[in-house]
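Here is what each chain is made of, one letter per residue.
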Amino acid sequence: MGKKNRAELEEEPDLGVVNGDSLKKHKKKKKKRDEEKNDLEQEKPTVSVAVPGSIIDNAQSLELATRLAGQIARAVTIFRIDEVVVFENKSNGSNDSRVATGDNSDDNESGAAFLIRILQYLETPQYLRKALFPRHNNLRFVGMLPPLDAPHHLRKHEWAQYRDGVTLKERAPNSVGTLVDVGLTKAVVIDQVLEPGIRVTVAMGTNRNLDSDLPRQVVSSSEPREKVGIYWGYKVRYAPTLSSVFNACPYKGGYDNLIGTSEHGSIVNSSEFSLPTFRHLLIAFGGLAGLEESIEEDRNLKGKNGQEVFMSYVNTCPNQGSRTIRTEEAIFISLQYFQEPIKRALQRAEP
């Protein structure tokens, strides 16, 4: 038998020493590693955007602030964004500015909190909003916004493989499950006992008989996207600083590609922009003074510039006619710019 090198000896367990419980532990660890590897292989790539809450603070009225938030919600839905991270510009995460509500009530809130509230409200299917969102002064003007009309915003007459719903207080008759309002003429029964007022995604199956006692299954909100490729809305997350946008990533392994957008970034045609394959991509946008201010205000990023913080730092709208491009405009422009590079990167990643 040939000699084994040192690396091989270190990787291979000595079965003469590793036995009994130790061998079981080794097998368990190997199984866990294999499962994690399979999870990563099956996981669909995601695209996130990060926007500063300070953009809301510049709005001159509650109505204009609501319209601005609505534009962002439309943009991220149109381009199938999976996550929106709203971050503070200040290094300590504090921001004393408040949305102008027109009164001095307790409903006044920071720009970041306001933007998160509107984004979450608009992403929620219309038939669930009353149950999930209590009346709030800052929701006064949401009714005038154009609907997102996302695939999971289903009408009462539409049957779909999945529907989002909210759990009800009433108990299911002749069942140990829970009644869920999924926006149809009658509530459905799910196969779990859950507290009332929880938003869930229900696999509806093919049985359209709502009188049936056959319970339906609650699934992960990511299943419609991962299994059948249906865009199922975006998640919203708060970050106290720009650096915490990256550090508190909810995805396994974190973001593996970070893109910053700025008028001071590199100028590359979209057709020539090369984006490496990725699992979780994040595209960041700056506020009134750009991403440069956000980097400068973050004590964890002191002394760094955009090219050092991000893997790509790009000007997606060179030769602009206006001295300023508003963040809500930059999001539309940039997400269109990155459509083809993202598509090419995903095609390269396919087996």
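Going by an unreviewed UniProt entry, the chain carries the name Putative methyltransferase C9orf114 and comes from Tripterygium wilfordii. UniProt, in its Sequence similarities (unreviewed entry) section for the chain, records the words "Belongs to the class IV-like SAM-binding methyltransferase superfamily."

Attention shifts here to the overall build of the chain. Helix and strand counts for the chain stand at twelve helices and eleven strands. Scored against the burial criterion, the 351 residues of the chain give a buried share of 45%. Of the contacts formed within the chain by residues at least 6 apart in sequence, a portion of 71% connects residues at least 24 apart. When the accessible surface of the chain is split by element, carbon and sulfur atoms take 48% of a total near 19700 Å².

This brings us to the confidence of the model for the chain. The predicted model of the chain averages 85 in pLDDT, with 83% of residues at 70 or higher. The low-confidence segment residues 1-20, where pLDDT is below 50, has six contacts with residues more than four positions distant or belonging to other chains.

Looking now at helix H12 (residues 339-349). Listed as buried for H12 are Pro 341, Ile 342 and Ala 345. In an axial view of H12, the angular spread of the buried residues amounts to 100°, which keeps them on one side of the axis.

Next up on the list: the pattern of salt bridges. The final tally for this structure, using the stated rule, is nine salt bridges. Between Asp 149 and Arg 155 there is a salt bridge whose closest N-O contact spans 2.8 Å. Owing to a relative accessible area of 45%, Asp 149 belongs among the partly exposed residues under this scheme. Measuring nitrogen to oxygen at the nearest pair gives 2.8 Å for the salt bridge that ties Asp 164 to Arg 199. With Asp 164 in strand E3 (residues 162-171) and Arg 199 in strand E6 (residues 199-203), this pair connects stretches of sequence that are 35 residues apart. Take Asp 164: its relative accessible area is 1%, and that puts it in the buried class. A relative accessible area of 29% means that Arg 199 is categorised as partly exposed. Connected through shared salt-bridge partners, Glu 123, Asp 164 and Arg 199 make up one network.

Strand order in the open sheet made by the six strands is E8-E2-E1-E10-E9-E11, with parallel pairing throughout. Strand pairing shows two members of the sheet lacking a second neighbour, strand E8 (235-239) and strand E11 (312-314), which therefore form its edges. Geometrically, the sheet is characterised by an average inter-axis angle of 25° between neighbouring strands, direction not taken into account. Here strand E1 (residues 46-52) runs beside strand E2 (residues 83-87); their pairing, made up of five bridges, is parallel. In the strand pairing of E2, Ala 50 is matched with Val 85. Against the sheet, helix H9 (residues 290-297) engages E2, strand E9 (257-266), strand E10 (280-284) and E11, with an angle of about 120° to E9.

Note on placement: Asn 137 falls in the loop between helix H6 (129-132) and E3. The exposure class of Asn 137 is buried, given its relative accessible area of 14%. A polar contact of 3.0 Å, which involves the side chain of Asn 137, links it to the side chain of Arg 140.

With respect to the secondary-structure elements, Asn 108 resides in the loop between E2 and helix H5 (111-123). Look at Asn 108 and you get partly exposed, because its relative accessible area is 24%. The sequence separation of Asn 108 and His 136 amounts to 28 residues, and the corresponding C-alpha distance is 10.0 Å.

Strand order in the open sheet made by the five strands is E5-E4-E3-E6-E7, with antiparallel pairing throughout. The open sheet terminates on both sides in strands that have one partner only, identified here as strand E5 (188-190) and strand E7 (217-219). Ignoring which end each strand starts from, the neighbouring axes of this sheet average 55° apart. Sheet topology note: the E3/E6 ladder contains five bridges and is antiparallel.

The next subject is unusual backbone geometry. Non-glycine residue Arg 80 carries a positive phi angle of around 55°. Along the chain, the position of Arg 80 falls in the loop between helix H4 (62-78) and E2. Its relative accessible area of 45% is what places Arg 80 among the partly exposed residues. One non-glycine residue, Asn 319, lies in the positive phi region at around 60°. One can find Asn 319 in the loop between E11 and helix H11 (327-337). For Asn 319, a relative accessible area of 78% gives the class exposed.

Another point: the packing of aromatic side chains. With the rule as written, the count across this model stands at nine aromatic pairs. Taking 5.7 Å as the distance between ring centres and 65° as the angle between the ring planes, the aromatic pair formed by Phe 273 and Phe 338 counts as edge-to-face. Of the two residues, Phe 273 sits in the loop between E9 and E10 while Phe 338 sits in the loop between H11 and H12, which places them 65 residues apart along the sequence. Phe 338 gets classed as buried once you look at its relative accessible area, which sits at 0%. Taken together, a centroid distance of 4.9 Å and an interplanar angle of 85° make the contact between Tyr 337 and Phe 338 edge-to-face. The class of Tyr 337 is buried, set by a relative accessible area of 8%. Clustering of aromatic rings is evident, with ring pairs tying together Phe 246, Phe 310 and Tyr 313.

Criteria and thresholds
Residues numbered from 1 in each chain as written. Predicted model: local features only at pLDDT ≥ 70, side-chain atom pairs only at ≥ 80, totals over all residues. Heavy atoms only, no water. UniProt positions renumbered as here; feature names shortened; annotations may be inferred. Helix = DSSP H or I, 4+ residues; strand = E, 2+ residues; numbered from the N terminus. Buried < 20%, exposed > 50% of the residue type's maximum accessible area, 1.4 Å probe, protein only. Contact = heavy atoms within 4.5 Å. Areas by Shrake-Rupley, 256 points an atom, 1.4 Å probe, with all protein chains shown as cover. pLDDT = per-residue confidence, 0-100. Arc of directions from axis to C-beta. Salt bridge = Lys/Arg side-chain N within 4 Å of Asp/Glu carboxyl O. Pairing = 2+ DSSP bridges. Axes fitted to C-alpha atoms, helices over the stretch in contact; angles between N-to-C directions. Polar contact = N/O pair within 3.5 Å; in protein donor to acceptor, adjacent residues only side chain to side chain. Phe/Tyr/Trp six-rings, centres within 6.5 Å; stacked < 30°, edge-to-face > 60°.

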